[in-house]
Every structure is written in C-alpha cells, then in structure tokens.
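The chain contents come next:
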Amino acid sequence: MIRPDAQLQAGHLPADLYRQLPAGTDPRSVVIVQAAPRSYAGPVGVVLAASAGAGSVIWVATVAVLELASVASTTAAAIQAAIPSLIGGGSLVTLAIKLPATKGGKR
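Asker: Can you lay out the overall build of the protein for me, pointing to particular residues and giving the numbers?
Answerer: Secondary structure assignment for the protein yields three helices and zero strands. Secondary structure of the protein in N-to-C order comes out as α-α-α. When burial is assessed residue by residue, the protein has 2% of its 107 residues classed as buried. Accessible area for the protein stands at about 9500 Å²; split by element, carbon and sulfur atoms hold 66% of it.

The following block contains the structure:
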C-alpha cells in the first residue's frame, strides 16, 4: 500500500498499532477512528456567493441610477418644451434679475 493511511482505510492494523494493543485484545474488534479530510468546498462556495451577490447589488444600483438619470433628462426636456405653451404666448421666456444700484448710479 502506497500511502501510510491506506492500511487503515483498508481495515488493516499496521504492526506498530498492533503492538500497542493491550494483551488479550482481539484485533478484529478494534475500530480505528480517523478524522475526515479537510474540505474547502464550503468556504470557497461562500466566497463565490458573496462576490456574486456584491457584484449583483452594484450592477442593480448602477442600472437604477442610470434609469433615474434617463427619466430626469426626459422629464426636463418635456418641461422645457411645455413651459412656453403653459405660460402662454409661445414666446421665449426669460428670467431677469435686477441688481441693486451702486454708489454714483453706476452698476
């Protein structure tokens, strides 16, 4: 058997373990318990799931922001086109700000 633990997996008692048995013990009644090999499938799966979840959240947030910007620009264009007809006259609407006069009557 090539690997050291292959004897144990096959159910054979290696000679060094056989010598450690108390006198009068039937070797056929001895059960050897081995620890299960370490599996990294769980932690790797959790990391992949977390990465995919974070990427999905970022993608959904980006799409939502871009959709909101699209809706805002469409709404702004519609309001800009509708304001002249809502105010009446259909002429150019401007906003004038009157500045306070400075000393000497000059601005």
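Asker: Describe a nonpolar patch on the surface, naming the residues involved and giving the relevant values.
Answerer: There is a patch of nonpolar side chains on the surface, built from Tyr40, Val44 and Leu48 and spanning about 330 Å² of accessible area. As for its placement among the helices and strands, leucine 48 is situated in helix 3 (residues 41-87).

Asker: For the confidence of the model for the protein, give the residues involved together with the corresponding values.
Answerer: Averaged over every residue, the pLDDT of the protein is 80; residues scoring 70 or more account for 78%. By mean pLDDT, the top-scoring element of the protein is helix 3 (90), and the lowest-scoring one is helix 1 (residues 6-9) (71).

What counts, and where the lines are drawn
Residues numbered from 1 in each chain as written. Predicted model: local features only at pLDDT ≥ 70, side-chain atom pairs only at ≥ 80, totals over all residues. Heavy atoms only, no water. Helix = DSSP H or I, 4+ residues; strand = E, 2+ residues; numbered from the N terminus. Buried < 20%, exposed > 50% of the residue type's maximum accessible area, 1.4 Å probe, protein only. Areas by Shrake-Rupley, 256 points an atom, 1.4 Å probe, with all protein chains shown as cover. Patch = residues over 30% accessible without salt bridge, like charges linked within 9 Å, V, L, I, M, F, W, Y side chains within 5 Å. Salt bridge = Lys/Arg side-chain N within 4 Å of Asp/Glu carboxyl O. pLDDT = per-residue confidence, 0-100.

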